[in-house]
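Coordinate inspection notes
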Amino acid sequence: MAATNPSCNDTSDPAVVWALVRRLFALGPGVRRDLLWGLFLEGVAVALGVIGPFALKSLIDALSRSPGASSLVLGLGLVFVGAWAGGGILSTWRLVPSTRVIDTLSADLAAAALAGELPRVAASRDGDSGRTLGLIERLPFSLLIVVDGLIWRSLPLALQIAASLWVIAGVIPASYAIGLFLTLAGYAVLSWWGAVRHRPHASLANLAATAVSQGLGDVLRNARRIVLNGTLSAEVGGIRAGIGQKALANQKMTGSLVHTALAQYGWLGMGLVGLLVAGAGDVWAGRLSVGDFIMLETYALRLALPLSGIGFLLSQSAGAIANIRDVLTLRRSGAGTVEAGPVPSGAAGIELRDVSFRYADTTAGVEDVSVRIPAGAFAVIVGPNGSGKSTLAQIMAGVFAPSQGQVRIGEVDLAEVDAGARYRHVLYVPQFITFLNRTLRDNALYPPTTTTEADLVALLAQWCFYEAGRKLDLATPVGELGERLSGGQIQKLELARVAGIKVPVLILDESTSALDPASEARILSDLRQSFEGRTTLVMVTHRLRLAQTADHVLFMKGGRLEAFGRHLDLVESVPAYAQLWAQGAE
Ligand SMILES: Nc1ncnc2c1ncn2[C@@H]1O[C@H](COP(=O)(O)OP(=O)(O)OP(=O)(O)O)[C@@H](O)[C@H]1O
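Residues numbered from 1 in each chain as written. Predicted model: local features only at pLDDT ≥ 70, side-chain atom pairs only at ≥ 80, totals over all residues. Heavy atoms only, no water.

1. Remarks on the packing of helix 2 (residues 29-65) against helix 3 (residues 70-93)
For the record, the criterion: Throughout, an axis means a line fitted to C-alpha atoms (over the contacting stretch in the case of helices), and angles, computed between N-to-C directions, take values from 0 to 180 degrees. Only DSSP runs of H or I with at least four residues qualify as helices, and only runs of E with at least two residues qualify as strands; both kinds are numbered from the N terminus onward. Every angle not falling under 35 degrees, over 145, or within 65 to 115 is termed oblique; those three ranges are roughly parallel, roughly antiparallel and roughly perpendicular. It is the rotation of the near helix from the far one that decides the hand of a crossing: anticlockwise by less than a right angle makes it left-handed, clockwise makes it right-handed. Residue type decides the class: Asp, Glu, Lys and Arg count as charged, Ala, Val, Leu, Ile, Met, Phe, Trp, Tyr, Cys and Pro as nonpolar, and the leftover types, Gly among them, as polar.
Put simply, helix 2 and helix 3 touch, their axes get as near as 7 Å, and they point 155 degrees apart. Looking at the two axes, helix 2 sits roughly antiparallel to helix 3. The hand of the helix 2/helix 3 crossing is left-handed. For the contact of helix 2 with helix 3, a count of residues per class yields 19 nonpolar, 6 polar and 1 charged.

2. Quick look at the sheet that holds strand 6 (residues 426-429)
Formally: We treat two strands as partners when DSSP finds at least two bridges between them.
Taken in spatial order, the 6 strands of this open sheet run 6-7-8-3-9-10, and their pairing is mixed. The open sheet is flanked by strand 6 and strand 10 (560-565), the only strands paired with a single partner. Pairwise comparison of adjacent strand axes, ignoring direction, gives a mean angle of 15 degrees for this sheet. Pairing analysis gives 5 bridges linking strand 7 (residues 505-509) to strand 8 (residues 536-540), with the strands arranged parallel. By the bridge assignment, Val505 is partnered in strand 8 with Thr536.

3. Structural notes on unusual backbone geometry
Stated formally: Relative accessible area decides the class of each residue, using a 1.4 Å probe on protein chains only: under 20% of the type maximum gives buried, over 50% gives exposed, and in between gives partly exposed.
Here the residue pair Pro447 and Pro448 is connected by a cis peptide bond, since its omega of 10 degrees sits within 30 degrees of zero. Relative to the helices and strands, Pro448 is located in the loop between helix 11 (440-444) and helix 12 (453-462). Positioned with a positive phi, Asp368 is a non-glycine residue whose angle comes to about 50 degrees. In this structure, Asp368 sits in strand 2 (residues 365-373). Located in the positive-phi region is Cys464, a residue other than glycine, with phi close to 50 degrees. Look at Cys464 and you get exposed, because its relative accessible area is 52%.

4. Considerations on the UniProt feature "transmembrane region" (unreviewed entry) in the chain
The cut-off we apply is this: UniProt positions are given in the numbering used here, feature names are shortened, and annotations may be inferred rather than shown by experiment.
Within this numbering scheme, the UniProt entry marks residues 35-56, 68-90, 165-190, 262-280 and 300-322 as carrying the feature "transmembrane region" (unreviewed entry). Secondary structure content for residues 35-56 is 100% helix and 0% strand, while the C-alpha to C-alpha distance between its ends is 32 Å. Split by type, residues 262-280 is 100% helix and 0% strand. Its first and last C-alpha atoms lie 26 Å apart.

5. Quick word on the domain arrangement of the chain
To be explicit about the condition: Domain segmentation is taken from an automatic or database assignment of domains. In this description, contact between two residues means that some pair of their heavy atoms is separated by no more than 4.5 Å. One speaks of a salt bridge when a side-chain nitrogen belonging to Lys or Arg is within 4 Å of a carboxyl oxygen belonging to Asp or Glu.
Taken domain by domain, the chain holds domain 1 (12-334) and domain 2 (350-582). Relative to domain 2, the C-alpha centre of domain 1 lies at a distance of 54 Å. Opposite the 4 residues of domain 1 that make contact, domain 2 presents 5 residues. The interface formed by domain 1 and domain 2 holds 0 salt bridges in total.

6. What to know about the layout of surface pockets
The test is simple: Using a grid of 1 Å spacing that covers the protein atoms alone, one calls a set of points a cavity when a 1.4 Å probe fits there but cannot get out, and a pocket when the set is open and has protein on both sides within 12 Å along at least five of seven lines; lining residues are those with an atom within 4 Å of a point. Grid points are joined across faces, edges and corners, and a volume is the space filled by probe spheres set on the points.
Estimates place the volume of the second largest pocket at around 410 Å³. In terms of lining residues, the second largest pocket is bounded by 17 residues, among which Glu42, Ser91, Arg153, Gln160 and Pro306 are the most central. The dominant element in the lining of the second largest pocket, judged by the number of residues it contributes, is helix 9 (residues 290-334), at 5 residues. Here the residues of the lining of the second largest pocket sort into 7 nonpolar, 6 polar and 4 charged.

7. Regarding the packing of aromatic side chains
Under the convention used in this document: What counts as a ring pair is set by centres within 6.5 Å for rings of Phe, Tyr and Trp (its six-membered ring), and what kind of pair is set by the plane angle: stacked under 30 degrees, edge-to-face over 60, tilted for all other angles.
According to the stated counting rule, one finds 10 aromatic pairs in the structure shown. Geometrically, the ring pair formed by Phe357 and Phe400 is stacked, given 4.9 Å between the ring centres and 5 degrees between the ring planes. Of this pair, Phe357 sits in strand 1 (residues 350-358) while Phe400 is found in the loop between helix 10 (389-396) and strand 4 (404-409), placing the two residues 43 residues apart along the sequence. The exposure classification of Phe357 matches that of Phe400, with both residues buried. The interplanar angle of 85 degrees and the centroid separation of 5.9 Å between the aromatic rings of Tyr577 and Trp581 together place this pair among those described as edge-to-face. Of this pair, Tyr577 and Trp581 both sit in helix 17 (residues 575-582), 4 residues apart, which is roughly one turn of that helix.

8. Considerations on the pairing of strand 8
Quick reminder of the rule: For the handedness criterion, the strands are oriented away from the viewer, and a crossover whose path from the first strand over the helix to the second runs clockwise is classed as right-handed.
In terms of residue burial, strand 8 counts as a mostly covered element, since 5 of its 5 residues are buried. Taken together, strand 7, helix 14 (residues 517-531) and strand 8 form a β-α-β motif whose crossover is right-handed.

9. Topic: the pattern of salt bridges
Counting across every chain of the model gives 17 salt bridges. A salt bridge links Asp526 to Arg522; the nearest nitrogen and oxygen atoms lie 3.3 Å apart. Of this pair, Asp526 and Arg522 both sit in helix 14, 4 residues apart, which is roughly one turn of the helix. Counted as one network, the salt bridges with shared partners bring together Glu42, Arg94 and Asp148.

Now the structure itself:
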C-alpha cells in the first residue's frame, strides 16, 4: 500500500492558513456575515471573561469591607455569575455561525478538489480514489481544528489575555501581570515547540491514514478478484497490517503529545505556584486584599484553561494542515475554465502532425505519428496488444496532450481548446466503459446525448438489449460501475447513448469487443447510418471484419504508425499487417 505524498510540496503552514482565510472571505456575503457575527459573539464572551474575575474581586472586597451592603454584594454577585455563565453561553452560541462557515468552506474545498482531481484522473488514467476519498472525508475535522480552533479562538484569546493583564496591572502591582504574562507566554512557546516536534509524527500518521484509505478502496473495488482467487485472508491481513501501521504512527504521535504536555504543564504549574506563593505572602503582609488574590488566581486559571485547549489544537494542527494542504493541492492541479462558444456542427477531419507522446517515467507511448483522416470517414486503428492504439486514440481525443506535434480537429488546434470543452469537438469512449451507480435511464441518457427516452427504448429493443421476453425497466439500478449488467449490455447501453451525441469526431476504443458478431454488425451499421455527414468515426479494434469495412486503417506497431490506407492495399503492401490478420489477431 504505497502512499504518494503530496503533502511534501513546499507550501508552508502559514501559507495554507492564509489560503484558507482568503478562501473564507471569498465565499460570499452569507459567510462573511456569519464570520462577523461569530467574532462579535466571541468578542462579547472575551469581554465577559475579563469582567468576571474583576467582579469577583470587587464582591470579596465589598464583603470584607462593608458586611451590610447587601445590594452591592448581590449586584456584584450577579455580575460575576452573569459574566461567567454568559461567556460560556456566548462561546457555545458562537458555534452556530462557525459550524455553518466550516460546513460551507468544507463543501467548497471538497467540490474544488473534485473538480481538480477528476480531470487529472481522466487525463492520466492514474486514479487514486481511495486516497482522494480519505482526504476529503478527513477535511471537515481538519477545518474544525484550523478554522474554529486556531484562527477563530487564538485571536480572541490573545485579546482576552491582553485585557486581563491590563486589568491586573491596573489593580495590583505590575509584577503580577509580568509574572502571569511570562507563565502564559512560556506555555505558548512550549506549545509551539511541541507542535513543531509533533509535525513529522502527524505527517506520518496522515500518510498512514491515507494508505489505509487507499488500500481499503482498492480491495473493495477488487472484491471479486480477491474472493474468487482465494486471497481473502491475505488481503484482509494486509489491511490489518496497514491499520497496525496507522496505530503505530498514532502511538508515536500521542507519545510526542505526552512529552509536550509534560513540558507545558510543568512550566504552567511552576508559574501558577510562583504567583500563588507570592500572592499569599502579599496577602499576609497586607499588600494585597483577599479579593486581589482571588482575582489574580481566577484570571490565571481562566486564561490557562483555554490555552491548554489551544495547546491541543496546535498539536493536532500539523496533521490537519497537512490534510488541508493536500486537498488544496488537488484543487490547484487540474481545475480549468470551460470554453463557451458555438457548438461545432458537421463531421470534421482529424490531422496529427509529427505527434509524439510518452507516459511519465516509461518508454511507452507513441512516436512521430502524422496522419490525416478526412471528415465523415470511418477509420479503424489496429495493431498488436500494447502497440499504442488506445494511446493514439486518446491523443486524437485530446485526453493526452502530445509532448510534441499538433492535433487538429477540423480547423481547430485541440491544444487551444480547454480540456473541459474538448468533448464538443471530439468525444472518446474508453476501452473499459464504467457506469455511475444510478439507473439504466440515468446512464443511457447521460450528457451530452440528445437521445430521447422513446428513441432509447426503441434502439435497445432493436439491439436486443435484454433476451426475448424480458421487459426493459429504465429505472433499474446498474450497480457500482455497472456491474449488474453483462459486458455486452454495458457496451450496448453506452453505444445507444453515443448514438444520440452530435459531435464532429467520435472515437470508440474497442467498444464492440463484447458484442456477438450479429449485434456488432447491426449496431455499427446503425451508428454509421446515423453519423453520416455529422460525425467522423474512429474505432480501435482487433476485429478483421471492421478493418475490411473501414474507409481507412491505421496500423500501429511498437508505438509507431506503421501504415495507413485501405485494408486490401495494406494486406498487399505491408507484410506485418497481413501477418497480423493471418495469425488470427481477431
Ligand atoms: N497510464 C499508463 N502509464 C504508463 N504506461 C501506459 C499507460 N497506459 C498504457 N501504457 C503503456 O503504453 C503502451 C501502449 O498501450 P496502449 O493501451 O496504447 O496499447 P494498445 O495497443 O491499445 O493495447 P491493447 O490492444 O492491449 O488494448 C503499453 O506498453 C502500455 O503498457
